[in-house]
Amino acid sequence: MTTDDLREAYLEFFVSKGCERRSSDVLVPRDDPTVLFTPAGMNQFKREFMGLGDPSFKRATTCQKCIRTGDIENVGKTGRHMTFFEMLGNFSFGDYFKKEAIHWAWEFLTQTLSIPKDRLTITVYLDDDEAYDIWHKEVKVPANRITRMGEDDNFWPAGAPTHGPNGVCGPCSEIFYHYDDGREVEIWNLVFTQFNRVGPNELEPLPSKNIDTGMGLERAASCLQGVQTNFETDIFAPLVAAVAEVLGQTYDAESLDGIRIRRAADHARALTFTIFENVQPGPNQQGYVVRRLLRRAVLDAYLMGRREPYLFEIIPLVADAMKRPYPELTDSVRRIQTVVREEEEQFLRNIDTGLRLYNDTVRKTKAAGSDVISGAAAFRLHSTYGFPIEMTESLAAEQDLAVDMPEFERERQKHAETSGQDSAAAVFATGPLDALKQDYHAGSTFLGYETTEAEAIVIGIVAQGRLVDRETAGSGDPVALVLDRSPFYGESGGQIGDVGLIEGDGFRFHVEDTQRDRGFILHIGRVDDGTVSVNEHVKARVDAPRREAIRRAHSATHVLHHALHEHLGKHAQQAGSKVEPDRLRFDFANPEAVGRDRLRAIEETVNDRILLGEPIRWRTMPLDEAKQLGAMALFGEKYPDVVRVVEMGAFSRELCGGTHLDSVGQVGLFKIVGEESVAAGTRRVVALTGKAALDYVRQEEDALAAVAGTLKVPVQQAADRVAALLEEIKALKKQASQRREAPKVSADALLEQVREIGGAKVIAASVEGVAPDELRQLIDVARRKVESGLAALLITASEGKVILAAGLTPDLVERGLHAGNWLKQVAPVVGGGGGGRPDFAQAGGKNPEAIAQAIEKAVEVARGSLGG
């Protein structure tokens, strides 16, 4: 059975049991600050487990994309550990429980997948007689194939009864697959969340019991396909083979290089999915994890002899291998490759120096009789050469060394935290809105698509992180009013929140910002006058002119998206946006600067669409139907089952919850005012609309008129006059340079200093009174005069700095000599470095006192290369 078939078989099986099939959550949860990446299938259902989620379903099944880095050092070393993986799961929120979960798991494994029963064994929690009896008495698993285990092995969270944390917990039952050679692999974990821990070994039964199960897709596939590791499965083996081929290696699973190749294949998958969701390599949070994975894969290849980027070549193969469940990857391959390649190139520029420093650090550590690398040295590798500390630790471990991490942390101070693992204590954290959700399950109703004014009722007031009954003017800090219905738009999808007023009997509340959270619209601001209380009837008024300006900018982003596709290609997918009153910022995928001409064409296309004045319509529909219609979605976003589709004429159709105009023509004027890079493979356009665009054009007109006035020419002639002035300045500079004192040395004088070495004429000399840019001229003249057999290396000093230049005639290059390599050996003598082409190279230094020794070194190197 293929991995794709296994995934589908699992989901269809649990759909047949009444579970609702839900799509995978995104890898970077938008509303869960407790994790950097989604680590398990249950994470998207935290609110359902707490009884606060969508009440329309009580059973669910998913295949969740996950990333875990807690065991990253084992990736590639074992056959089971991965950073990116898929977790199959079925869940119950106060519905079915142990009996069904156990029976269905056995049915799926032994009947749907046809796994022989004698290949499966079971573990249960030590005191969980209920689960034991279901397995033994009902499912008929022999007692000798069921093992009772303690709380560290068969309880979630592990060790919770004794060690905590307090909160929801429960026993679990694990299912193991046995190979012919005696090895066993855990393939499924059934968690029975039935208790609330209130203290050490104090477990109170929950009124509503839940089921949370997880089956590792890749692990299960390896068992079904009869292979020993996840890396040999149909979905992984092609990636391993591709990495080996790109690196020019013969894959040997048992070798150190085999570990490195497997690790690179794993990391390529993780990078493809994270960068698809617009996580860029960086110094903090998710970006740090992505950078760490990418650089480790580059380092592994470097240690195998690869000096060029390679990982980007694996991305299309990942997208192809995963195209059945995740077809959306295909359109982003080019963007992901650009990000990966640029990060590879950046790291490769530093890696050689970094490794030399690391090896020197190891040598000094061992020479001092220590087995601990100092934290200061590790931090220098991290901050100067881009070595993640985990990489240094890993390299050190391979040489039986450790790193002084307390010292490293002191050196690093407030640098980014790297761990992103979920903590069981925070999994079910609640806040004031969770309490409000108990009474107002549906949240706030948004009315802003139809109106900017509405009557409503105050259902909650949040002040200083808690619910209060009333708030009085002059209390200081901002508070949030929660209404049962509101015309205010809460910031989301790149569109900023509305501002305005909320008024009631005897009070006035100024709304300074609007946010959305847990289905509620939060009106953030201050009470200007009087006292507002819960249950008051109010009038909510949005600042209508400001909203209208936001509508112009938001509608313009959709038109701009269309224009980018028309002029740059379909790869120019939206990567983010910010929509403000008559101003927009639009990020999109593109590997290079757009260029002035194409920007003008894009701007013209947008304004042409505005002139056509086509209607803007919106409708709601199921997500699958919207995708079938070709509605564009923002990658890395999690959409609900029913979505809002905004259509502009026949040229644009996008999933969007923002507020829009009724006609494209209402945008007025569209003006691009900036274009820049924001990350590898991502560009940003900044533009203005409506009144702001008109004001900008008038400011430019005024500035141009002022320039023309200063030049005393009509506006139409200003550009020509400026160009003429620049030519005059250029001519004057040229005249000035021609008046400079002639060099104190000539090519003929240098040729008088020739040394005959190995049949070649070698010049190694210090020259004075020569500008750095004249060194090459001297070498070129000397080469023309001699024509063949000349090797020249000249050194000059200027303002305390040393400049070196070396040149060879073509026949010496053909003999294998290399000017750049010559300089690389000489420049360190004057405290510098550099290099260049075989026929000519330049370098710099900072120690003029060592010029004489450098000349001696140049002659020595020449003798070694030429002989004689």
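Scope of this entry: the structure provided in the associated data block. Model, not experiment: these values are computed from the prediction. (Residues numbered from 1 in each chain as written. Predicted model: local features only at pLDDT ≥ 70, side-chain atom pairs only at ≥ 80, totals over all residues. Heavy atoms only, no water.)

1. Observations concerning the sheet that holds strand β31 (residues 790-798)
Our working rule: For two strands to count as paired, DSSP must find a minimum of two bridges between them. Secondary structure counts use DSSP, requiring at least four H or I residues in a row for a helix and at least two E residues in a row for a strand, with both numbered from the N terminus. Axis angles are defined between N-to-C directions and span 0 to 180 degrees, where every axis is a line fitted to C-alpha atoms and, for a helix, only to the segment in contact. Residue contacts are counted whenever heavy atoms from the two residues lie within 4.5 Å of one another.
One open sheet accounts for six strands, arranged β29-β30-β31-β32-β34-β33; its pairing is mixed. Two strands lie at the open edges of the sheet, namely β29 (755-757) and β33 (833-836), each paired on one side alone. Mean inter-strand twist for the sheet, computed between neighbouring axes without regard to direction, equals 20°. Relative to β31, strand β30 (residues 760-766) is paired through six bridges, and the arrangement is parallel. Looking at the pairing, Ile763 lines up with Ala792 of β31. The strands that helix α25 (residues 819-826) touches are β30, β31, β32 (801-808), β33 and β34 (840-845); relative to β32, the one it contacts most, it runs at about 150°.

2. Description of a nonpolar patch on the surface
What counts is decided by this rule: Any residue with relative accessible area above 30% and no salt bridge may belong to a patch, with like charges joined within 9 Å and the nonpolar Val, Leu, Ile, Met, Phe, Trp and Tyr side chains within 5 Å. Per-residue and other accessible areas were derived by the Shrake-Rupley procedure at a 1.4 Å probe size, with only the shown protein chains allowed to occlude residues. One speaks of a salt bridge when a side-chain nitrogen belonging to Lys or Arg is within 4 Å of a carboxyl oxygen belonging to Asp or Glu. Think of it in three bands: residues with accessible area under 20% of the maximum for their type are buried, residues over 50% are exposed, and the middle band is partly exposed, with areas taken using a 1.4 Å probe on protein chains only.
Nonpolar side chains collect at one region of the surface, where Leu704, Val707, Val715, Val722, Leu726 and Ile729 lie side by side and expose about 460 Å² of accessible area between them. For the nonpolar patch, the secondary structure elements donating two or more residues are α20 (690-711) and α21 (718-738). No other element matches α21, which puts three residues into the nonpolar patch. When you line up the elements, Val722 lands in helix α21. On the basis of relative accessible area, Val722 is assigned to the partly exposed category, the value being 35%.

3. Observations regarding the sheet that holds strand β26 (residues 652-655)
Taking strand neighbours across the sheet as the criterion, the three strands line up as β24-β25-β26 in an open arrangement whose pairing is antiparallel. On the outer flanks of this sheet lie β24 (616-622) and β26, each paired with one strand and no other. Each adjacent strand pair in this sheet contributes to an overall mean axis angle of 25°, direction not counted. Strand direction decides the pairing type here: β24 and strand β25 (residues 642-648), joined by seven bridges, are antiparallel. By the bridge assignment for β25, Ile616 is matched with Met648.

4. Focus: unusual backbone geometry
Going from Trp156 to Pro157, the amide bond is cis rather than trans, its omega being -10°. Looking along the chain, the bond that leaves Gly164 and enters Pro165 is cis, with omega of 10°. The backbone phi angle of Lys140 is positive, close to 75°, even though this residue is not glycine. You can see Lys140 is positioned in the loop between α4 (129-138) and β5 (146-149). Here Lys140 falls in the exposed class, since its relative accessible area comes to 61%. We note that Glu787 has phi near 75°; this positive angle belongs to a residue other than glycine. Along the chain, Glu787 turns up in the loop between α23 (774-786) and β31. Classification of Glu787 as exposed rests on a relative accessible area of 62%.

5. With respect to empty space enclosed by the protein
With a probe scaled to a water molecule rolled over the atoms, the places where space remains empty come into view. Condition: Site definitions follow a grid-based scheme: protein atoms alone, a 1 Å grid, a 1.4 Å probe that fits but cannot get out for cavities, and for pockets an open set with protein on both sides within 12 Å along at least five of seven lines, plus lining residues having an atom within 4 Å of a point. Grid points are joined across faces, edges and corners, and a volume is the space filled by probe spheres set on the points. As a working rule, the residues Ala, Val, Leu, Ile, Met, Phe, Trp, Tyr, Cys and Pro are called nonpolar, Asp, Glu, Lys and Arg charged, and the rest polar, with Gly in that last group.
For the structure shown, the criterion picks out three cavities of 30 Å³ or more. Reported here for the largest cavity is a volume of approximately 90 Å³. Every residue along the wall of the largest cavity is listed here: Ile72, Glu73, Arg263, His267, Arg292, Arg296, Pro388, Glu390 and Met391. When contributions to the lining of the largest cavity are tallied by element, the ones reaching two or more residues are α8 (256-276), α9 (285-303) and α13 (389-397). Among the residues making up the lining of the largest cavity, the classes are represented as three nonpolar, one polar and five charged.

6. Brief notes about the pattern of salt bridges
Here the structure, examined in full by the defined rule, presents 55 salt bridges. Asp133 is the salt-bridge partner of Lys137, the closest N and O atoms lying 4.0 Å from each other. Residue Lys137 and its partner Asp133 are located together in helix α4, separated by four residues, close to a single helical turn. One salt bridge in this structure joins Arg541 and Glu503, with 2.6 Å as the shortest N-O distance. Of the two residues, Arg541 is situated in strand β21 (residues 537-542) and Glu503 in strand β18 (residues 500-504); the sequence distance between them amounts to 38 residues. A relative accessible area of 31% places Arg541 in the partly exposed class. Judged by its relative accessible area of 28%, Glu503 falls in the partly exposed class. One network of salt bridges, in which partners are shared, links Glu73, Asp257, Arg260, Arg263, Arg296, Asp300 and Glu398.

7. What about helix α16 (residues 432-439)?
To keep it simple, the criterion reads: By construction, the arc corresponds to the directions joining the helix axis to the C-beta atoms.
Looking only at α16, the buried set comprises Leu433, Asp434, Leu436 and Lys437. Down the axis, α16 shows its buried residues gathered within 160° of arc, on one side only. More than 90 degrees from the buried face of α16, the exposed residues found are Gln438 and Asp439. Those residues of α16 hidden inside the fold are in contact with α2 (46-49), β13 (453-463), β14 (466-468), β16 (479-483), β19 (507-517) and β20 (520-533).

8. Side note on the nonpolar core
Side chains of a nonpolar character, in soluble globular proteins, are inclined to be buried together. Condition: Remark: nonpolar core denotes a set of buried residues (Ala, Val, Leu, Ile, Met, Phe, Trp, Tyr, Cys) joined through side-chain atoms within 4.5 Å.
Ranked by size, the top nonpolar core spans 130 residues in total, and within it Phe108, Leu109, Trp135, Trp188, Tyr310 and Leu311 carry the most contacts. It is helix α11 (residues 333-367) that provides the largest number of residues to this core, a total of eleven residues. Apart from residues no more than four positions distant in its own chain, Trp188 is found in contact with Tyr10, Phe14, Asn90, Ala105, Phe108, Leu109, Ser173, Glu174, Ile175, Thr213, Gly214 and Met215. Ranked by size, the runner-up nonpolar core spans 31 residues in total, among them Val559, Leu584, Leu599 and Val646.

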